[in-house]
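# Examination of the molecular architecture
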Amino acid sequence: MGSREPFLSAIFFFFFLLLFCLGCKCIASELHLHTTQTAVLKVDASLQHARQIPDTLFGIFFEEINHAGAGGIWAELVSNRGFEAGGPHTPSNIDPWSIIGDDSSIFVATDRTSCFSRNTVALRMEVLCDNCPAGGVGIYNPGFWGMNIEDGKTYNLVMYVKSPETVELTVSLTSSDGSQNLASSTIPVSGASNWTKLEQKLVAKGTNRTSRLQITTTKKGVVWFDQVSLMSADTYKGHGFRTELISMMLDLKPRFLRFPGGCFVEGEWLRNAFRWRESIGPWEERPGHFGDVWHYWTDDGLGYYEFLQLSEDLGAAPIWVFNNGISHNDEVDTAAIAPFVKDVLDSLEFARGSADSTWGSVRAAMGHPEPFPVKYVAIGNEDCGKKFYRGNYLKFYNAIREAYPDIQMISNCDASSRPLDHPADLYDFHVYTDSKTLFSMKSAFDRSSRNGPKAFVSEYAVWRSDAGRGSLLASLAEAAFLTGLEKNSDVVQMASYAPLFVNNNDQTWNPDAIVFNSWQQYGTPSYWMQTLFRESSGAMFHPITITSSYSGSLAASAITWQDSENSFLRVKIINFGSDPVSLTISATGLQARVNALGSTATVITSSNVMDENSFSNPNKVVPVKSQLSNAAEQMQVTLAPHSFSSFDLALAQSKLVAEM
């Protein structure tokens, strides 16, 4: 028999090579060594195969969620300004109001002595001290996690006061602990049994991002307060909206505004659903309500009228989502739905009626004699599976069709894969899912019927673990999904991301497009992704083909659009994979030559696919624009891994799109 040592040596050498190779593979993976993929994207830009995208395709959806309105775009600085947040019963919780002083010097409680019949709760303040501290005792309100008071700006204070004896009140804007005085004024109150409306302008001499409003006195006695409001004099168009947040909405160039929800419209219980009648008229007389889905009180200063005004300010078509007698937990039987139908018809008269109509005159008295052009309504929100939805829906549908034949009605039931069993002009489609699923849904409407109602994708987003607090990964999948909506815009008429806003102090839903606090704001990658689609509404869509072994990780679309001076062929392409791509873009059928001068490339990417923006680094993942020097009918570009690229090729003729 021969020796075994050479055989064993061979085995050990084999295992050594195997481990070495595996180690090299791991090291390569750790170093993120990627292969450059190749792909060819062909655009057929001929007039023969072009199709116009609906003017309404991309808009925005606003819901009162995450303190998006109260403490958000609505510029009221006082939280619980009418002391109603504890409900109509007294004594009541007055949070976040607190006292200045102690139990020996001041006592406060709510009672039902208000001069307003729809919100009867007021605050009674009894000053107990004979020799009060020099700064006085009283009450203060920190607003929504601190008031942003800025040097040199004017703030308008309005409050209702009653005192049986003459008293001097000092109103001040101070730091959160009261140590820094930013503005102050003394207001005399004549002793009387009637309520008095007091108004005062406060000009800040300093900046503090977490300020409070305080009302103090040094005189013993009793004072009642109600409807205490503080707003900056600098709101968007003077309409009460926070300018910097409205600016971010305007930058999306929305073609429609869907409001006011969402689940906010339904309520957990019908008693807490949004009621348009209670949200109009003088702000002091609005009772407000508890939004029990998202668990906070709103005084409804941002009401039905203000939403209509916001739509007009944005240049966006209003889409009024109304309650159809259904909440998350209770429903109105169709046999008893008539009062709800009448209520909605009244809401439409408020918006569209002449200034001498019953409800149109109320709108006119609020400062808008001309009607608002409401042409879309959604009959409920996510209620299709509820017991009485179809019966209730038909009652609303028939009544609205008779009164307003031009209004387009939106069903909650999905018709993307099967026909509806009831009439509708559009149907609602909502999707919240992981990034891979949404990326694959770029073809979701490819096989939808081209007959019947159009789709309104009114809520879409990547969420949960893929989303972080607004990740690059989420935005890439969403962008791919939107290219599919462009391709299928013959059956998809509208689309909007959700939710739009989140106050950083109350993130009930995650993620969101715009994050803010009392004085800062930034867009998530999902927000910035949408800015690259803002020219798509009304543009011309062109078919594309992608040839590549890597095409499963790519999504793209092509449009021609026009600004005030020039026309462009825009090619958008998402690289959802981890490899770079050497891409050849080839356009045929163009009606004008490509001009490198004025052609640009805009890219959204980052070093880590889960990167997010933040207050400390708001521009970590944002579009980066550069000149496209090699722009031509055929050109070579490189797509970074995990990127969204938009190439705008300037076309020599300035009226190409108009001529189409």
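Residues numbered from 1 in each chain as written. Predicted model: local features only at pLDDT ≥ 70, side-chain atom pairs only at ≥ 80, totals over all residues. Heavy atoms only, no water.

This structure, assessed with the given rule, holds 27 salt bridges. The salt bridge partner of D130 is K220, with a shortest N-O separation of 3.4 Å. Placement of the pair is D130 in the loop between β6 (122-127) and β7 (137-141) and K220 in the loop between β13 (208-217) and β14 (221-232), with a sequence separation of 90 residues. When its relative accessible area of 59% is taken as the criterion, D130 is described as exposed. Since its relative accessible area comes to 44%, K220 is described here as partly exposed. (Salt bridge = Lys/Arg side-chain N within 4 Å of Asp/Glu carboxyl O. Helix = DSSP H or I, 4+ residues; strand = E, 2+ residues; numbered from the N terminus. Buried < 20%, exposed > 50% of the residue type's maximum accessible area, 1.4 Å probe, protein only.)

Turning our attention to the side chain of T602. With respect to the secondary-structure elements, T602 resides in strand β32 (residues 594-605). Apart from the residues lying within four places of it in its own chain, the contact partners of T602 are L532, P623, V624, K625, F644, S645 and S646. (Contact = heavy atoms within 4.5 Å.)

This brings us to the pairing of strand β22 (residues 454-462). Every other side chain in a regular strand lies on the same face of the sheet, so the side chains alternate between the two faces. Extensive coverage of β22 is indicated by the burial of 8 of its 9 residues. Where strand β21 (residues 426-433) and β22 come together, 7 bridges link them in parallel fashion. Counterpart to L426 in the pairing with β22 is K454. Looking at chain direction, β22 and strand β23 (residues 492-497) are connected through 4 bridges and run parallel. (Pairing = 2+ DSSP bridges.)

A few words on the nonpolar core. Nonpolar side chains tend to gather and get buried jointly when the protein is soluble and globular. Grouped together as the largest cluster of nonpolar side chains are 116 residues, with contacts concentrated most on Y304 and F501. The leading source of residues in this core is helix α9 (residues 472-487), at 10 residues. Counting contributing residues per domain, this core is built from domain 1 (35-51 + 537-649) and domain 2 (57-72 + 235-529), each supplying no fewer than three. Not counting the four nearest positions on each side in its chain, F501 is found in contact with F62, I65, N66, A68, I73, L245, M249, D512, I514 and F516. (Core = buried A, V, L, I, M, F, W, Y, C linked by side-chain atoms within 4.5 Å. Domains from an automatic or database assignment.)

Here we come to helix α7 (residues 389-403). For an α-helix, 3.6 residues make a turn, and residues three or four places apart therefore share a direction. In this model, α7 (15 residues) spans 21 Å end to end at C-alpha, consistent with the 21 Å of a helix rising 1.5 Å per residue. Within α7 the residues assigned to the buried category are Y389, N392, Y393, F396, Y397, A399 and I400. (Expected span 1.5 Å × (residues − 1).)

Okay, the domain arrangement of the chain next. Split by domain assignment, the chain resolves into domain 1 (35-51 + 537-649), domain 2 (57-72 + 235-529) and domain 3 (96-230). In this structure, domain 2 and domain 3 have C-alpha centres spaced 37 Å apart. The interface of domain 2 with domain 3 comprises 16 residues on the first partner and 13 residues on the second. Surface buried jointly by domain 2 and domain 3 totals about 1,300 Å² across both partners, of which 59% is contributed by carbon and sulfur atoms. Area buried by domain 2 at its contact with domain 3 is led by W283, E284 and W519, which between them contribute 40% of it. Summed over the shared surface of domain 2 and domain 3, the result is 1 salt bridge. The partner of K197 in a salt bridge is E284, with the nearest N and O atoms 3.6 Å apart. Taken together, domain 2 and domain 3 are joined by 7 residue pairs in polar contact (both at pLDDT 80 or more). (Buried area = accessible area lost by both parts, 1.4 Å probe. Polar contact = N/O pair within 3.5 Å; in protein donor to acceptor, adjacent residues only side chain to side chain.)

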